[in-house]
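# Observations on the three-dimensional arrangement
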Amino acid sequence: MATNSLQSLNYRHRTPPLRRRHSLDSPPPTLLLTPKPNTGNQTLSSSSTVKTYSLSSSSTTTAQSTTSFDLLRRLLDANDFREADEETRRLIIALAGEAAQKRGYVFFSEVQFIEEADLKTIDQLWRNHSNNKFGYSVQKRLWEKADKDFTKFFIKVGWMKKLDTEVLQYNYRAFPDEFTWELTDETPEGHLPLTNALRGTQLLSCILTHPAFAAQQEETPLLLEDEEEQKQRIMSRWLRAWKANGLRRLK
């Protein structure tokens, strides 16, 4: 049984190692930003020939780079969520600036350099191809609903699993086999895209608190509430109306 398990929701969260994955804030073993030579047939994967990256005209990437979201869009169109997750990670590195590109991974302090429009586009693509089940803005809503407790959040989005023990314990899922790469009714809301927290939760926190999602809470409709919360809200209104009607009759 894996170590570093959490004994309860009240256990103070430490750095969550979503294991065996490319990290945005630690050097990935195979993720390279330099374009690969064209070998003929291209496939919808992050290993296909993809040129360099720059999204908006004010992007901090070099003048030679031009990033597009075309590959991410095509991967999501094909429901290839595994490769779309890899492409999202690569885009975040490219958008964080020249230093992150040369390094091959992102410091949490570099998230601020990502343009709002670019991060919103990535989020919108994920939401549009998942019936609003995936995306950073979805993750932000769930994180805030969990009182910004990352342990509760990781359990909610399915990044941690319950262990078969007498004492309530959770452990981090093994990457990539124990994560869900398809969209079904059973897929946890906010499950994708993944963000490695190997060196702590600061990187994920900076993404979720990025100005691109500053107005997300105001824009979230009541329909996003849990069904149980909606029932409680309706019942509370009904009781207030019933009491008010009863008082008027007594008068």
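Residues numbered from 1 in each chain as written. Predicted model: local features only at pLDDT ≥ 70, side-chain atom pairs only at ≥ 80, totals over all residues. Heavy atoms only, no water.

### Some points on the pattern of salt bridges
For the structure on display, the rule yields eleven salt bridges. Residues Asp70 and Arg73 are paired through a salt bridge, measuring 3.3 Å at the closest nitrogen-oxygen approach. Of this pair, Asp70 and Arg73 both sit in helix H1 (residues 70-77), separated by three residues, roughly a single helical turn. Under the relative-accessibility criterion, Arg73 is labelled partly exposed at 33%. Arg82 is the salt-bridge partner of Glu86, the closest N and O atoms lying 3.0 Å from each other. Note that Glu86 and Arg82 are positioned in helix H2 (residues 81-95) at a spacing of four residues, about one turn of the helix. (Salt bridge = Lys/Arg side-chain N within 4 Å of Asp/Glu carboxyl O. Helix = DSSP H or I, 4+ residues; strand = E, 2+ residues; numbered from the N terminus. Buried < 20%, exposed > 50% of the residue type's maximum accessible area, 1.4 Å probe, protein only.)

### A few points about the environment of Phe179
Turning to its location among the elements, Phe179 is positioned in the loop between strand S2 (170-172) and helix H7 (202-208). In this structure Phe179 comes out as buried when scored by relative accessible area, which is 5%.

### Notes on the nonpolar core
In terms of nonpolar packing, the biggest core is built from 44 residues, with Leu72, Val106, Ile122, Trp126, Phe153, Phe154 and Trp159 touching the most fellow members. Elements supplying a minimum of two residues to this core: H1, H2, helix H4 (116-128), helix H5 (136-145), helix H6 (150-156), S2 and H7. Looking at this core element by element, the count peaks at six residues for H2. Trp126 has contacts with Leu72, Leu76, Phe81, Ala84, Asp85, Thr88, Phe134, Gly135, Leu192 and Pro193, leaving out every residue within four places of it along the chain. (Core = buried A, V, L, I, M, F, W, Y, C linked by side-chain atoms within 4.5 Å. Contact = heavy atoms within 4.5 Å.)

### Concerning the confidence of the model for the chain
For residues with low pLDDT, the predicted coordinates do not support detailed interpretation. For the chain, per-residue confidence averages 76 on the pLDDT scale, and 64% of positions sit at 70 or higher. For residues 1-23, every residue scores under 50 in pLDDT, and the model assigns this stretch 75 contacts once sequence neighbours within four places are set aside. Counted against residues more than four places away or in other chains, residues 217-225, with its pLDDT under 50, gives eight contacts. (pLDDT = per-residue confidence, 0-100.)

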